[in-house]
Amino acid sequence: MADAEVSVAMASEDKPDEETLQVLRDLANRLRIHSIRATCASSSGHPTSCSSAAEIMSVLFFHIMKYKQEDPENPNNDRFILCKRLAFVGMAIGWFGPGLGAACGMAYTGKYFDNASYRVFCLLGDGESWEGSVWEALAFGSHYNLDNLMAIFDVNRLGHSGVLPIEHCIDIYQKRCEAFGWNTYVVDGRDVEALCEVFWQATQVKNKPTAIIAKTFKGRGTPSVEDAENWHGKPMPTERADAIIKLIESQIETNRQLEPKAPIEDCPEINITDIEMTSLPDYKVGDLVATRKACGLALAKLGHANDRVIVLDGDTKNSTFSEIFKKEHPERFIECFIAEQNMVNVALGCTIRGRTIAFVSTFAAFLTRAFDQIRMGTISQTNINLIGSHCGVSVGEDGPSQMALEDLAMFRAIPNCTIFYPSDAVSTEHAVFLAANTKGICYIRTSRPETDVIYTPQEIFEIGQAKVIRQSVNDKVTVIGAGVTLHEILAAADDLSKQDISIRVIDLFTIKPLDADTIIANAKCTGGRIITVEDHHPEGGIREAVCASVSMEPDILVHGLTVQGVPRSGKSNELLDMFGISARHIIVAVKCMLTN
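A quick note: this is a predicted structure, and the numbers were derived from the prediction, not measured.

Remark: the empty space left among the atoms is shown by a probe the size of a water molecule rolled over them. Computed from the structure, the second largest pocket encloses a volume of approximately 340 Å³. Surrounding the second largest pocket, 20 residues form its lining, D14, I64, K66, T203 and K261 being those nearest its centre. Listing elements by their share of the lining of the second largest pocket, those giving two or more residues are α3 (54-64) and α7 (192-203). Among the elements that take part in the lining of the second largest pocket, α7 stands out by supplying four residues, more than any other. Taken together, the residues that form the lining of the second largest pocket break down as nine nonpolar, five polar and six charged.

Another aspect to go through is the domain arrangement of the protein. Domain parsing of the protein yields domain 1 (18-250), domain 2 (287-453) and domain 3 (467-595). Taking the mean C-alpha position of each, domain 1 and domain 3 sit 53 Å from one another.

Here the focus is the packing of aromatic side chains. Enumeration over the complete set of coordinates arrives at 13 aromatic pairs. Measuring from centroid to centroid gives 5.3 Å for W135 and F180, while their planes differ by 45 degrees, and the two rings are tilted. One end of the pair, W135, is in helix α5 (residues 132-143); the other, F180, is in the loop between α6 (170-179) and β4 (183-188), and 45 residues separate them in sequence. Accessibility expressed as a relative area gives 17% for W135, which makes it buried. With centroids separated by 3.9 Å and ring planes inclined at 10 degrees, the aromatic side chains of F411 and Y443 adopt a geometry described as stacked. Highlighted residues: F411 in helix α14 (residues 407-412) and Y443 in strand β12 (residues 441-445), separated in sequence by 32 residues. With relative accessibility at 0%, the residue F411 sits in the buried group. A relative accessible area of 0% places Y443 in the buried class.

Moving on: empty space enclosed by the protein. This model, assessed by the stated rule, comprises one cavity of 30 Å³ or more. Estimates place the volume of the largest cavity at around 30 Å³. Lining the largest cavity are R292, C295, G296, L299, T320, S361, I387, S389 and T446. Secondary structure elements with two or more residues in the lining of the largest cavity: α9 (291-305) and β10 (384-389). Ranked by residue count, the leading element in the lining of the largest cavity is α9, at four residues. Along the lines of polarity and charge, the residues of the lining of the largest cavity split into three nonpolar, five polar and one charged.

Take the sheet that holds strand β19 (residues 557-561) next. With respect to topology, five strands assemble into an open sheet ordered β14-β16-β15-β18-β19, the strand pairing being mixed. Of all strands in the sheet, those bounded by a partner on one side alone are β14 (467-470) and β19. Averaged over all pairs of adjacent strands, the angle between their axes in this sheet comes to 25 degrees, without regard to strand direction. Pairing between strand β15 (residues 477-481) and strand β18 (residues 529-533): three bridges, direction parallel.

For the rest of this paragraph, the subject is the pattern of salt bridges. In the structure shown here, the tally under the stated rule is 24 salt bridges. The partner of D114 in a salt bridge is R355, and the shortest N-O contact between them spans 3.1 Å. Here D114, found in the loop between α4 (98-113) and β2 (120-125), pairs with R355, found in the loop between α12 (340-351) and β9 (357-363); they are 241 residues apart in sequence, far enough to count as distant. Among the residues examined, D114 registers a relative accessible area of 3% and is labelled buried. Taking the relative accessible area as the measure of exposure, R355 reaches 5% and is therefore buried. Taking the shortest distance from any N to any O, the salt bridge between R332 and E331 comes out at 3.5 Å.

You can see R32 is positioned in helix α1 (residues 18-42). Using a relative accessible area of 1% as the deciding quantity, one classes R32 as buried.

Two elements in contact, α9 and helix α15 (residues 425-436), have axes whose closest approach is 8 Å; the angle formed by their N-to-C orientations is 45 degrees. By the angle class used here, α9 and α15 are oblique. Between α9 and α15 lies a crossing whose hand is right-handed. Touching T291, A294, C295, A298, L299, K301, L302 and A305 of α9 are A425, T428, E429, V432, F433 and A436, all from α15.

Another aspect to go through is the sheet that holds β2. Strand pairing in a sheet relies on backbone hydrogen bonds. The paired strands run either parallel or antiparallel. Pairing within the open sheet is parallel, and its five strands lie in the order β1-β2-β3-β5-β4. The open sheet has two edge strands, β1 (79-81) and β4, and neither has a second partner. Across the sheet, the mean angle from the axis of one strand to that of its neighbour is 20 degrees, orientation sign disregarded. As judged from the six bridges shared by β2 and strand β3 (residues 149-155), these two strands associate in the parallel manner. Within β3, the residue paired with L124 across the bridge is F153. Sitting on the sheet, α7 is in contact with β3, β4 and β5 (210-215), with an inclination near 170 degrees to β4.

Cut-offs applied
- Residues numbered from 1 in each chain as written.
- Predicted model: local features only at pLDDT ≥ 70, side-chain atom pairs only at ≥ 80, totals over all residues.
- Heavy atoms only, no water.
- 1 Å grid on protein atoms, 1.4 Å probe; cavity = no way out; pocket = protein on both sides within 12 Å on 5 of 7 lines; lining within 4 Å.
- Points joined across faces, edges and corners; volume = space filled by probe spheres on them.
- Helix = DSSP H or I, 4+ residues; strand = E, 2+ residues; numbered from the N terminus.
- Nonpolar A, V, L, I, M, F, W, Y, C, P; charged D, E, K, R; others polar.
- Domains from an automatic or database assignment.
- Phe/Tyr/Trp six-rings, centres within 6.5 Å; stacked < 30°, edge-to-face > 60°.
- Buried < 20%, exposed > 50% of the residue type's maximum accessible area, 1.4 Å probe, protein only.
- Pairing = 2+ DSSP bridges.
- Axes fitted to C-alpha atoms, helices over the stretch in contact; angles between N-to-C directions.
- Salt bridge = Lys/Arg side-chain N within 4 Å of Asp/Glu carboxyl O.
- Parallel < 35°, antiparallel > 145°, perpendicular 65-115°, else oblique.
- Left-handed = near helix turned anticlockwise from the far one by under 90°.
- Contact = heavy atoms within 4.5 Å.

Structure, rendered in structure tokens:
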């Protein structure tokens with residue numbers, strides 16, 4: 001055991017007697033049998049991995065964890081995370097990595113928001129521990145003193161395709177976890193008595209999360225399979241399964257079952273639905289406000305409307321204006337530092353079982369690092385809101401590394417994702433409140449430059465409803481934009497009107513769902529001519545979304561102005577012009593379309 005070992009002896013009432021220990025051993029073997037039968041029936045699965053962790057699962061679920069079996073979603077239950085999917089597992093993890101970060105989010109919520117007694121347990125494989133997001137989570141858990149969190153490393157030596165680099169060198173795992181500030185124990189993962197002891201000791205440690213390094217053997221209990229290579233993800237051959245099951249059954253000595261301890265019922269009742277805007281947006285038409293700043297102000301306002309709103313930041317709060325939320329609600333602001341994968345994982349954990357309304361705030365470009373975590377959040381049907389600022393070439397001097405030009409494509413590919421792209425401060429505030437009340441993944445795209453407020457405070461916004469903000473019976477072309485390009489379109493419309501050319505202007509507001517009906521109806525009023533303008537690469541952005549929406553309509557032509565190639569650093573207005581999405585280029589495009 002590590003130097004963080006507690007000296008207090010295990011209390012007699014917590015120490016299992018020999019009969020209980022044997023029941024736990026028997027339960028572990030029953031778990032092995034279940035895994036063999038289930039994977040044989042489905043011709044797929046991981047019985048060898050299940051076998052290595054059987055004693056760990058037996059001790060956790062039937063001796064350590066406190067929960068109501070008949071009510072897996074009870075908010076007072078202890079939480080459990082692993083890379084498979086069960087009723088008691090809060091989210092789908094898939095191909096390893098996100099579990100510990102999500103567990104950190106659950107533990108943070110339990111300690112700092114719920115102030116409740118439930119604990120969080122996360123089982124990780126040793127192959128999984130090579131994921132960088134795991135070490136981001138280890139840093140996070142230590143920094144925030146999550147003593148209600150326990151990570152169990154199932155070190156069975158073998159990975160997906162072969163032997164792992166450090167095999168059974170348990171001391172290396174121990175030193176790594178200790179270096180990250182975790183209270184760490186080493187244990188024989190086959191010894192239920194030793195597991196009971198270290199799990200109990202972990203509950204006595206304060207101000208540190210605990211890592212338990214359990215030495216195990218893949219395929220334990222199966223002759224010629226235990227600790228052998230090339231068995232990962234393979235069910236037992238049907239002709240061998242019955243004999244293996246009989247062998248394991250011969251080691252079972254009892255028929256007794258164990259009931260889990262009941263949880264302490266001290267989790268507060270909360271309400272995170274139907275959050276109303278407490279007052280109209282405080283902006284006047286013509287005010288100059290960046291949508292990124294309006295977003296920060298809206299988050300702070302939302303935080304006053306509901307005390308379960310939280311904001312997670314990736315060390316960008318002074319640029320995204322999430323610092324406004326931090327100033328007004330410091331106890332609900334989580335600084336995750338430059339670790340975007342873990343930040344999203346933590347947010348997912350915070351929202352599980354409906355405990356918080358989470359907004360993740362960073363530069364839109366940096367969210368590409370967390371695409372896997374975002375898509376796994378969708379698979380788990382969790383509710384999370386992501387805010388991406390500094391989108392497009394309008395970022396200006398910050399340069400191409402900061403310019404999100406593929407984020408719309410990324411989020412459009414996420415099933416059931418709602419994408420907001422507000423064009424002024426008023427619509428931004430509405431986007432924030434709508435996202436808070438919307439299930440699933442929501443993405444809000446905000447911009448760096450200051451732009452005019454174009455809507456009155458009384459304007460009403462709805463998801464999937466675009467705004468026709470300029471129209472006349474003489475309109476020749478429908479021009480569609482959002483964000484900074486909408487303002488370029490309006491400038492172009494003013495210049496064109498002086499030349500007796502009238503265009504219809506549409507502000508999409510949401511890119512997904514797209515308001516196809518409004519687009520088609522207005523295109524038909526303007527001779528079937530559409531021009532889209534976007535601060536985004538051509539692939540996967542507004543043009544492609546609009547093209548898809550009108551694809552079944554005859555006689556509609558769509559021309560798109562997009563950012564081509566790799567951008568460079570420069571002033572915002574210069575870059576808009578250089579990359580073909582400024583008012584000047586819109587005017588040329590309108591005239592060309594009318595000429596042709």
